[in-house]
Amino acid sequence: MRRSTPNAGQCSHITIRCHNKAFLFNLEQNGEEILSWLCSLPLFFDINLHHYVIMSNHIHMLISPTKNNLANAMSYCLSNLARFLNHRNNKVNQVFGARYCPTIIREESHLINVIRYVYQNPLRAGIVENIIDYKFSSLSFYMGLDNPRIQLHPDPITKAFINSGADGYWNWLNNILQVLPDNDIKQVKQSMNRYIFRFSLRQLLVL
């Protein structure tokens, strides 16, 4: 079933995967260029990009469209990114496995687990022992360690933490660094198939 496109103001978890899960990105060589195409979303389409993690064969983003233009924006971004990667890899093959996968996040209280899930991808993959060390993500921007030359807009819950001062910022970072339990990882993965992210009643009671 084809998913509906998130509308203006709907914070969403976007996943983009390479065809057959092939490792096509070659981040050490192409990481900056891949990021530059993600820049087209806030730069040309006024889409608020909150967080991103670029892995070797997939990308996670948290975004909020400000207009009902996400379909056009993603088409522009991914078609041009695919052309770039085929040119760089000297190939003519399909780059992405399918249409990007959006999951709408209805509640701000759910956001923190999705953010943790996104940033902890390199940890689960065994690439790094600390997510702070992974350089192809926006976490370094929020830590003040790097300016990736991309327009990032904090999501509502991140903004609330940061605006509450130094203690709020460190509470946010500690939440991000806290390893996500297996049940919550399963919940986020299931939400990718359901289009809308929700917690079970049990999970809501412990938030």
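The structure we're discussing is the one just above.
Residues numbered from 1 in each chain as written. Predicted model: local features only at pLDDT ≥ 70, side-chain atom pairs only at ≥ 80, totals over all residues. Heavy atoms only, no water.

Draft legend 1. View of helix 7 (residues 156–163). Backbone nitrogen of Ile157 and a side-chain oxygen of the N-cap are separated by 3.1 Å at the start of helix 7; the cap is Asp155. Where helix 7 ends, the next residue or the one after it, Gly165, has phi of about 100°, a positive value. (Polar contact = N/O pair within 3.5 Å; in protein donor to acceptor, adjacent residues only side chain to side chain. Helix = DSSP H or I, 4+ residues; strand = E, 2+ residues; numbered from the N terminus.)

Draft legend 2. Fine view of a nonpolar patch on the surface. Side chains of Leu43, Phe44 and Tyr76 sit close together on the surface and give an oily, nonpolar patch of about 300 Å² of accessible area. Position of Tyr76 among the secondary structure elements: in helix 3 (residues 70–89). Judged by relative accessible area, which is 32%, Tyr76 ranks as partly exposed. (Patch = residues over 30% accessible without salt bridge, like charges linked within 9 Å, V, L, I, M, F, W, Y side chains within 5 Å. Areas by Shrake-Rupley, 256 points an atom, 1.4 Å probe, with all protein chains shown as cover. Salt bridge = Lys/Arg side-chain N within 4 Å of Asp/Glu carboxyl O. Buried < 20%, exposed > 50% of the residue type's maximum accessible area, 1.4 Å probe, protein only.)

Draft legend 3. Quick look at the packing of helix 4 (residues 108–119) against helix 8 (residues 166–177). For the pair helix 4 and helix 8, interaxial distance at closest approach is 8 Å and the crossing angle is 60°. With respect to their mutual orientation, helix 4 and helix 8 come out oblique. Where helix 4 crosses over helix 8, the two elements pack in a sense that is right-handed. The residues of helix 8 that touch helix 4, namely those facing Ile112, Ile115, Arg116 and Tyr119, are Trp172, Asn175 and Ile176. Within the contact of helix 4 with helix 8, the residues separate by chemical class into 5 nonpolar, 1 polar and 1 charged. (Axes fitted to C-alpha atoms, helices over the stretch in contact; angles between N-to-C directions. Parallel < 35°, antiparallel > 145°, perpendicular 65-115°, else oblique. Left-handed = near helix turned anticlockwise from the far one by under 90°. Contact = heavy atoms within 4.5 Å. Nonpolar A, V, L, I, M, F, W, Y, C, P; charged D, E, K, R; others polar.)

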